[in-house]
Amino acid sequence: MPYAADSSRYSDMLYKRAGKSGIKLPAISLGLWQNFGGNQPLENSRAMLLKAFDLGINHFDLANNYGPPAGSAEETFGAVYKKDLAPYRDELLISTKAGYYMWEGPYGEWGSRKNLLSSLDRSLTRMGLDYVDIFYSHRPDPETPLEETMGALDHAVRQGKALYVGLSNYSAEQTSAAVKILKQLGTPCLIHQPNYSMLNRWIEDGLQDVLSENGIGSIAYCPLGRGQLTNKYVDKIEAESSAASSTMKPEAITAERVQKFRSLEQLAARRGQTLSQLALTWALREGGVTSALIGVSRVSQIEENVKALESAPLTAEELVEIDAIMHNIGDIPW
């Protein structure tokens, strides 16, 4: 049966303006970093993409190296786009990035003009698109002049292969310099995509100020701390802490850390939320980010995460409580 998008898809989703631009992002966006590669069943990936769109998530975030294998997430998206989403192209905001390793030789990664523009062409081919809405420099290149990298982003827009440009993983100082160059070129930076969550608040030490001063939006990846800010993780670290042997790092399963996560879980429960919903509400709070980029492995996770938008904003007292709980908790990988 041909796919027809839910007619009520825009009724409940919150859309927030990206800085001072004309673009509004859904508060919850879908990232295809994991679980959309060629190693996953296409029908599951399709179900997640279509459910997301039915719920008002019209922003899909990719990169040239997403998979595995690298590039296959764009191929998966391209297959679903061709079969189901092509009629809705003007409703979709599709982004991709370049900068991490993709092919052999000196031009297969980083921020040269050669790499970025060649990578964008490959991405467009994999997705079956004429253009992307946002093209990112995925990481700063310590050896390529910043003028060259930003010039490549500008050229992508002038070629008509991208409508807007963005930065990811750039420090406050690097962002400030890049934004200045882009303004001079006439292609302003739309958005910055940093790693940001209750466990990783580095952007509050300068980057957010740079973005605010320049009217640039922000979209957080890993707002759930790579799964640490979920009820499932809390259960896991508590079980691991009492096990005879553990596959997790000892510093991840201390009694203090277990108690902190349980306290956070209890705060969420008082609000009628799961821990992941609380984490998203926190990331999207006043002074947080424009959009939170979720990663999922099944449809039910999308439904759960979107429900975070139904909850009341965090009170000043709850924010203070969260700060106290999270003090010195540490962002420790699984």
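Residues numbered from 1 in each chain as written. Predicted model: local features only at pLDDT ≥ 70, side-chain atom pairs only at ≥ 80, totals over all residues. Heavy atoms only, no water.

*Asks:* Could you clarify how one ought to interpret the overall build of the chain in this entry?
*Replies:* From N to C terminus, the chain includes 11 helices and 10 strands. Whereas a compact globule of 334 residues would reach a radius of gyration of roughly 20 Å, the chain reaches 20 Å, a difference of no more than 12%. Taking the principal axes of the C-alpha coordinates as reference, the chain spans close to 55 × 50 × 40 Å. Counting the 334 residues in the chain, one finds 55% classified as buried. (Helix = DSSP H or I, 4+ residues; strand = E, 2+ residues; numbered from the N terminus. Rg over C-alpha atoms; globule rule 2.2 N^0.38 Å. Buried < 20%, exposed > 50% of the residue type's maximum accessible area, 1.4 Å probe, protein only.)

*Asks:* What's the story with the environment of alanine 239 in this structure? I'm lost.
*Replies:* By secondary structure assignment, the location of alanine 239 is in helix α7 (residues 231-241). When the C-alpha atoms of alanine 239 and isoleucine 253 are compared, they prove to be 8.9 Å apart, with 14 residues separating the residues in sequence.

*Asks:* Which parts of the structure should I look at to understand the sheet that holds strand β7 (residues 162-168)?
*Replies:* Strand pairing in a sheet relies on backbone hydrogen bonds. The paired strands run either parallel or antiparallel. Taken in spatial order, the eight strands of this closed barrel run β3-β4-β5-β6-β7-β8-β9-β10, and their pairing is parallel. Sheet twist, expressed as the mean angle between neighbouring strand axes with direction ignored, is 30°. Judged from the four bridges that link them, β7 and strand β8 (residues 189-193) form a sheet pairing that is parallel. Directly across from leucine 167, in β8, lies its bridge partner histidine 192. (Pairing = 2+ DSSP bridges. Axes fitted to C-alpha atoms, helices over the stretch in contact; angles between N-to-C directions.)

*Asks:* Which parts of the structure should I look at to understand the nonpolar core?
*Replies:* Looking at soluble globular proteins, one finds that nonpolar side chains tend to be buried together. Counting 91 residues, the largest nonpolar core has Leu30, Phe60, Phe77 and Leu85 as the members making the most contacts within it. In contact with phenylalanine 60, not counting residues within four places along its chain, are Leu30, Leu32, Leu49, Ala52, Phe53, Phe77, Leu85, Leu92, Leu93, Ile94 and Ser95. Counting 12 residues, the second largest nonpolar core, distinct from the first, contains Ile23, Ile134, Tyr221 and Leu293. (Core = buried A, V, L, I, M, F, W, Y, C linked by side-chain atoms within 4.5 Å. Contact = heavy atoms within 4.5 Å.)

*Asks:* What should I look at first to understand the pattern of salt bridges in this one?
*Replies:* Once the charged atoms of two side chains with opposite charge are near each other, the side chains can pair. Here the structure, examined in full by the defined rule, presents 18 salt bridges. Between glutamate 91 and arginine 9 there is a salt bridge, with the nearest N and O atoms lying 3.0 Å from each other. Here arginine 9 lies in the segment before β1 (15-17) and glutamate 91 lies in the loop between α2 (72-85) and β5 (93-98), a separation of 82 residues in the sequence. Linking arginine 270 and glutamate 321 is a salt bridge whose minimum nitrogen-to-oxygen distance equals 2.8 Å. Placement of arginine 270 in helix α8 (residues 255-270) and of glutamate 321 in helix α11 (residues 316-326) is noted, with a sequence separation of 51 residues between them. Residue classification places glutamate 321 among the partly exposed positions, given a relative accessible area of 28%. (Salt bridge = Lys/Arg side-chain N within 4 Å of Asp/Glu carboxyl O.)

*Asks:* I would appreciate a short explanation of helix α5 (residues 172-185) in the present structure.
*Replies:* Given 3.6 residues per turn, any residue in an α-helix points the same way as the ones three and four places further on. With 14 residues, α5 should cover 20 Å at 1.5 Å per step; its first-to-last C-alpha distance of 20 Å lies within 8% of that length. Those residues of α5 not exposed but buried are Ala172, Thr175, Ala178, Val179, Ile181 and Leu182. Where α5 is buried, its residues contact α4 (146-158), β7, β8 and α6 (207-213). Backbone geometry just after α5 places glycine 186 at a positive phi near 95°. (Expected span 1.5 Å × (residues − 1).)

*Asks:* Explain the pairing of strand β9 (residues 217-221) to me, please; I cannot follow it from the model alone.
*Replies:* On any regular strand, side chains alternate: one points to one face of the sheet, the next to the other face. Across the five residues of β9, five count as buried, placing the element largely inside the fold. Here β8 runs beside β9; their pairing, made up of two bridges, is parallel. Within β9, the residue paired with histidine 192 across the bridge is serine 218. Taking the sense of rotation as the criterion, the β-α-β connection linking β8, α6 and β9 turns out right-handed. (Right-handed = clockwise from strand over helix to strand, strands pointing away.)

*Asks:* For this particular structure, what's the right way to read the packing of aromatic side chains?
*Replies:* Pairs of aromatic rings are described using the distance from one ring centre to the other and the angle between the two planes. Considering all chains together, one arrives at nine aromatic pairs under this definition. Between the aromatic rings of phenylalanine 53 and tyrosine 88, the centroid separation amounts to 5.4 Å while the plane-to-plane angle is 65°, which identifies the pairing as edge-to-face. Here phenylalanine 53 is found in helix α1 (residues 42-54), whereas its partner tyrosine 88 is found in the loop between α2 and β5, with 35 residues between them in sequence. The pair phenylalanine 53 / tyrosine 88 is uniform in exposure class, with both members buried. Ring pairing ties together the aromatic residues Tyr3, Phe53 and Tyr88, which thus form one cluster. For arginine 122, the ring lying beneath its charged end belongs to tryptophan 103, and the centroid distance is 3.9 Å. (Phe/Tyr/Trp six-rings, centres within 6.5 Å; stacked < 30°, edge-to-face > 60°. Lys NZ or Arg CZ within 6 Å of the ring centre and 35° of its normal.)

*Asks:* Explanation requested: the pairing of strand β3 (residues 28-31) in the structure shown.
*Replies:* Alternating residues of β3 divide into Ile28 and Leu30 and Ser29 and Gly31, and every residue in both groups is buried. The pairing of β3 with strand β10 (residues 291-294) spans three bridges and is classified as parallel. Across the sheet, leucine 30 pairs through a bridge with isoleucine 294, a residue of β10. Relative to strand β4 (residues 59-61), β3 is paired through two bridges, and the arrangement is parallel. By the bridge assignment, leucine 30 is partnered in β4 with phenylalanine 60. For the crossover that starts at β3, traverses α1 and ends in the parallel β4, the hand is right-handed.

Limitation: the analysis is restricted to geometry and does not speak to function.
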